[in-house]
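An overview of the molecular structure
Residue strings, one per chain:
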Amino acid sequence: DAKTTQPPSMDCAEGRAANLPCNHSTISGNEYVYWYRQIHSQGPQYIIHGLKNNETNEMASLIITEDRKSSTLILPHATLRDTAVYYCIVSIIQGAQKLVFGQGTRLTINP
Amino acid sequence: DAGVTQSPTHLIKTRGQQVTLRCSPKSGHDTVSWYQQALGQGPQFIFQYYEEEERQRGNFPDRFSGHQFPNYSSELNVNALLLGDSALYLCASSFSPEGTYEQYFGPGTRLTVT
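Quick look at the structure, then.

Definitions and cut-offs
Residues numbered from 1 in each chain as written. Chains lettered and ligands numbered in written order. Predicted model: local features only at pLDDT ≥ 70, side-chain atom pairs only at ≥ 80, totals over all residues. Heavy atoms only, no water. Core = buried A, V, L, I, M, F, W, Y, C linked by side-chain atoms within 4.5 Å. Buried < 20%, exposed > 50% of the residue type's maximum accessible area, 1.4 Å probe, protein only. Helix = DSSP H or I, 4+ residues; strand = E, 2+ residues; numbered from the N terminus. Contact = heavy atoms within 4.5 Å. Phe/Tyr/Trp six-rings, centres within 6.5 Å; stacked < 30°, edge-to-face > 60°. Lys NZ or Arg CZ within 6 Å of the ring centre and 35° of its normal.

1. Comments concerning the nonpolar core
- Among the nonpolar cores identified, the biggest contains 21 residues, and W35, L73, Y86 and L107 of chain A are the most heavily contacted of them.
- Only β2 (18-23), β3 (32-38), β4 (45-50), β6 (61-64), β7 (70-75), β8 (84-91) and β9 (105-110) of chain A provide two or more residues apiece to this core.
- At four residues, the largest contribution of residues to this core is made by β8 of chain A.
- Sequence-distant contacts of L107 of chain A, defined by excluding residues within four places in its chain, comprise M10, C12, A18, L20, L75, D82, T83, A84 and Y86 of chain A.
- F64, A87, C91 and L111 of chain B belong to the second-largest nonpolar core, a separate cluster that totals 20 residues.

And the structure:
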């Protein structure tokens, strides 16, 4: 079973910031938070990952709470191409890593 | 650089038949994982191959088997197909020794069992 809880769907206006929440209250000390997204009919795409510090890359920012029990993925200026299912996953980073996907959040960007 | 490639793109089989799906990992990657994604669900981990050995397996029956070749490409075999095996089969590759920071997914093979 997935170790994360996400809202099933969200809407966001184009050009605004999209904030996607994720709860992972049972996360272990050696587990990272990963975000992947899946655009319709494509394979999942890696977005970002983090352990306990906030992270930013060219695609998004990841904010992890101090107790590590929840996180937020931020797409700063959402475009129509960001419409996808977003998956929050917790996993170790070494060895035989397997990704346990939940249902994810279906994010719809509206014009 | 070609990313992860999978073949075929689509496949239609009949119950009881056997199927083989193929995956070529991203250049430089040595680990291949397979996932099954039923319609409307998130991907479910089937198994992972590293150094031509199955390293970890998810909750799938023995009808699902795999193989990894010396060039790191991989095959997924499913015997005695059931209607419930209809799904998108995804292959993901990664580079193991440095830790698996991210997995690169292929576009998938859509299997329909009739």
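2. Brief notes about the packing of aromatic side chains
- Evaluation of the coordinates by the stated rule reveals ten aromatic pairs over all chains.
- Ring geometry for Y36 of chain A versus F105 of chain B: centroids 5.9 Å apart, planes at 85 degrees, classification edge-to-face. Taken together, the residues Y36 of chain A in strand β3 and F105 of chain B in strand β10 (residues 104-105) connect one chain to another.
- Ring centres of F101 of chain A and Y35 of chain B lie 5.9 Å apart, and the angle between their planes is 90 degrees; this geometry places the pair in the edge-to-face category. Residue F101 of chain A is found in the loop between β8 and β9, and its partner Y35 of chain B is found in strand β4 (residues 31-37); the two belong to separate chains.
- In this structure Y35 of chain B comes out as buried when scored by relative accessible area, which is 0%.
- Site record: aromatic cluster; members linked through ring pairs are Y36, Y46, Y87 and F101 of chain A together with Y35, F45 and F105 of chain B.
- Taking the ring centre of Y104 of chain B as reference, the NZ or CZ of K26 of chain B above it sits at 5.0 Å.

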